[in-house]
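Chain by chain, the residues run as shown.
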Amino acid sequence: MGTVFGIVAFVIALVGVLAALGHVGYLAMLNKSAKERGLAGGATADYVNSRWKVAGGTALVALIGLLFTTGGVVPDIIGILLAGGAGIAAKGALDSTRREFRGQLPR
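Just so you know, these numbers come straight off a predicted model, no measurement behind them.

A. Spatial organisation of the pattern of salt bridges. Overall, the coordinates contain two salt bridges when judged by the stated rule. One salt bridge connects Lys32 with Glu36, and the closest N-O pair in it is separated by 3.0 Å. With a gap of four residues between them, Lys32 and Glu36 both fall in helix α1 (residues 2–37), about one helical turn apart. One exposure class covers both Lys32 and Glu36, and it is exposed. Lys91 is the partner of Asp95 in a salt bridge, and the nearest nitrogen-oxygen pair spans 2.9 Å. With a gap of four residues between them, Asp95 and Lys91 both fall in helix α3 (residues 73–101), about one helical turn apart. For Asp95, a relative accessible area of 24% corresponds to the partly exposed category. For Lys91, a relative accessible area of 44% translates into the label partly exposed.

B. Representation of the packing of α1 against helix α2 (residues 42–68) in the model. Put simply, α1 and α2 touch, their axes get as near as 9 Å, and they point 160 degrees apart. Viewed along their axes, α1 and α2 adopt a mutual orientation that is roughly antiparallel. In this structure, α1 meets α2 at a crossing whose hand is left-handed.

C. Region of interest: α2. In this model α2 runs 40 Å from its N-terminal to its C-terminal C-alpha over 27 residues, within 8% of the 39 Å that 1.5 Å per residue would give. By the largest-angle criterion, Arg51 marks the main kink of α2, which is about 35 degrees. By the burial criterion, the buried members of α2 are Thr44, Ala45, Tyr47, Val48, Arg51, Ala55, Thr58, Ala59, Ala62, Gly65 and Leu66. Tucked inside the fold, the buried residues of α2 contact α1 and α3.

Thresholds applied
- Residues numbered from 1 in each chain as written.
- Predicted model: local features only at pLDDT ≥ 70, side-chain atom pairs only at ≥ 80, totals over all residues.
- Heavy atoms only, no water.
- Salt bridge = Lys/Arg side-chain N within 4 Å of Asp/Glu carboxyl O.
- Helix = DSSP H or I, 4+ residues; strand = E, 2+ residues; numbered from the N terminus.
- Buried < 20%, exposed > 50% of the residue type's maximum accessible area, 1.4 Å probe, protein only.
- Axes fitted to C-alpha atoms, helices over the stretch in contact; angles between N-to-C directions.
- Parallel < 35°, antiparallel > 145°, perpendicular 65-115°, else oblique.
- Left-handed = near helix turned anticlockwise from the far one by under 90°.
- Expected span 1.5 Å × (residues − 1).
- Bend = angle between axes of the 7 residues up to and from the residue.
- Contact = heavy atoms within 4.5 Å.

This is the structure:
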């Protein structure tokens, strides 16, 4: 039973890490696009620079949560809470960023 719970905890933590890294990747894409636009991308670059701490923090917490899933049942629960919570926070931040810039970037 503990092995199955450990696998489930690992998968949940991995999804949290992927969500957090998705937010980091999206910010990197926005930052690159803003730099290519020069002065016209100044507002976007400022917004992205203000969001790096959130993205980095959620990614760090999710990675720590993933590391917790290598232990027993109690560390697995802690890992689920950390990585899952960070993944949910990162998803919310990603959705907020996407709403802010929907339709403003060239395709």
